[in-house]
Amino acid sequence: MSHLKRFMPAEWHQQDGILIAWPHLGTDWADMIDEVTSCYIGLARAIARHERLLIVAPDPEEVRSALGEDCCGNITFYALPTNDTWTRDYGPITVIDDGQPVLLDFTFNAWGMKFAADCDNMVTRRMGQAGAFKAVVDSHLDMVLEGGSIESDGRGTIMTTRQCLLSSNRNDAWSENRIAQELCDRLGAAQVLWLDHEPLAGDDTDAHIDTMARFAPGNVVLVVDEALSRQVARFTDASGVPYRPVVMPAPPLIDDELGMPLPATYLNFLITNRQVLVPTYGCETTDRQAIQMLADYFPGREVHGIDCRALIKQHGSLHCATMQFPANTLNK
């Protein structure tokens, strides 16, 4: 718990549930719908085993049938149109303000107007209209911001990359200082840590932080390589205590059918109340190493691998496909 009046909780803060959007034939998944549906069934079952799951889908009954009634007791469905499934980037970003959660609805422009986003950009508002939220939804549509582009340690520090937040296809006229000030004001941060790292090969998000650097308890920052480790080692938290960088293993390079690299990374894990769900890529040695490392840094949580070889074919992974809701956010 932070001493700040307003703060963005760390992902390991107590949660009410997780949001995902189901793949359908109107998305880029159409050509591989069976493969990706199998991945989503595994993901949904893993989450719903211990935690409430919210699923947005154009046809909830089709999803219910695919999942089977045995696991739907912990799932709430919302019949909503979507362009794609990356709820990390268009779901609400939650802050705690004077002890109460507030859902911030930022503009999502599909990573700089690369794709259609008209339906995705309405999901938070439409869920609110459907009665999903107990917490207040606060409009911040004057700013483009994706959940995957920021990390919070829950104690006043926001971490991001210059390559993403300063890209001209988002908040074009805003300087680095302006963006940092907006993040501090809106998210209740005391400081913004800017990392410099080119996007992973195949990444079309302009270097989202959740592909390369993640906070863990105890002032640990898990990073994708030594270059980021050296940068993180120079930083302190908002109270002046140094961060401790730890380099995660990397999966072997994975290419698409045309031989182009895909941005596979173990940093794209999801923290839930009782679990850490880790993307795996069919690389037994490094998959096992990543799972063991995350078990070490998140003691008390079960750590499970989720095969994300389908997800990575559309240049995203497990964390990109999910968004957590902190406690006291959702209507029961």
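This report concerns the structure included in the present document.

Reading guide: rules and limits
- Residues numbered from 1 in each chain as written.
- Predicted model: local features only at pLDDT ≥ 70, side-chain atom pairs only at ≥ 80, totals over all residues.
- Heavy atoms only, no water.
- 1 Å grid on protein atoms, 1.4 Å probe; cavity = no way out; pocket = protein on both sides within 12 Å on 5 of 7 lines; lining within 4 Å.
- Points joined across faces, edges and corners; volume = space filled by probe spheres on them.
- Helix = DSSP H or I, 4+ residues; strand = E, 2+ residues; numbered from the N terminus.
- Nonpolar A, V, L, I, M, F, W, Y, C, P; charged D, E, K, R; others polar.
- Pairing = 2+ DSSP bridges.
- Contact = heavy atoms within 4.5 Å.
- Axes fitted to C-alpha atoms, helices over the stretch in contact; angles between N-to-C directions.
- Core = buried A, V, L, I, M, F, W, Y, C linked by side-chain atoms within 4.5 Å.
- Buried < 20%, exposed > 50% of the residue type's maximum accessible area, 1.4 Å probe, protein only.
- Salt bridge = Lys/Arg side-chain N within 4 Å of Asp/Glu carboxyl O.

**Description of empty space enclosed by the protein**
Taken as a whole and assessed by the stated rule, the structure comprises three cavities of 30 Å³ or more. If you add up the space inside the largest cavity, you get close to 160 Å³. Considering the residues around the largest cavity, the lining is formed by 16 residues, among which Met-8, Pro-9, Glu-11, Arg-88 and Gln-324 are closest to the centre. At the level of secondary structure, the elements contributing two or more residues to the lining of the largest cavity comprise strand 5 (93–97), strand 8 (151–152) and strand 19 (323–326). Considering every element that reaches the lining of the largest cavity, the biggest residue donor is strand 19, with three residues. Taken together, the residues of the lining of the largest cavity break down into eight nonpolar, five polar and three charged. In this model, the second largest cavity occupies a volume close to 50 Å³.

**Some points on the sheet that holds strand 10 (residues 191–195)**
One open sheet holds the three strands; their spatial order is 8-9-10, and the pairing between them is mixed. Each edge of the open sheet is held by one strand with a lone partner, namely strand 8 and strand 10. Strand direction decides the pairing type here: strand 8 and strand 9 (residues 157–161), joined by two bridges, are antiparallel. When the sheet's bridge partners are listed, Glu-151 is paired in strand 9 with Met-159. Helix-sheet contacts for helix 7 (residues 176–187) involve strand 9 and strand 10, and the interaxial angle to strand 10 is about 135 degrees.

**Details of the nonpolar core**
Ile-55, Leu-67, Met-127, Leu-187 and Leu-222 are the most contacted members of the largest nonpolar core, which totals 113 residues. Counting residues per element, this core draws most heavily on helix 1 (residues 33–48), at nine residues. Setting aside residues up to four positions removed in sequence, Leu-187 forms contacts with Arg-6, Phe-7, Met-8, Ile-93, Val-95, Leu-104, Phe-106, Ile-150, Ile-158 and Glu-182.

**Structural notes on the layout of surface pockets**
Size it by volume and the largest pocket reaches roughly 370 Å³. Around the largest pocket, the lining is made up of 15 residues, and of these Met-32, Asp-256, Glu-257, Lys-313 and Gln-314 lie nearest the centre. Residue composition of the lining of the largest pocket, by class: five nonpolar, two polar and eight charged.

**Considering the pattern of salt bridges**
Under the counting rule described, the total for this entry stands at 23 salt bridges. In this structure, the salt-bridge partner of Arg-178 is Glu-182, at a minimum N-O distance of 2.7 Å. Of the two residues, Arg-178 and Glu-182 are both situated in helix 7; the distance of four residues between them amounts to about one turn of the helix. Residue classification places Arg-178 among the partly exposed positions, given a relative accessible area of 36%.

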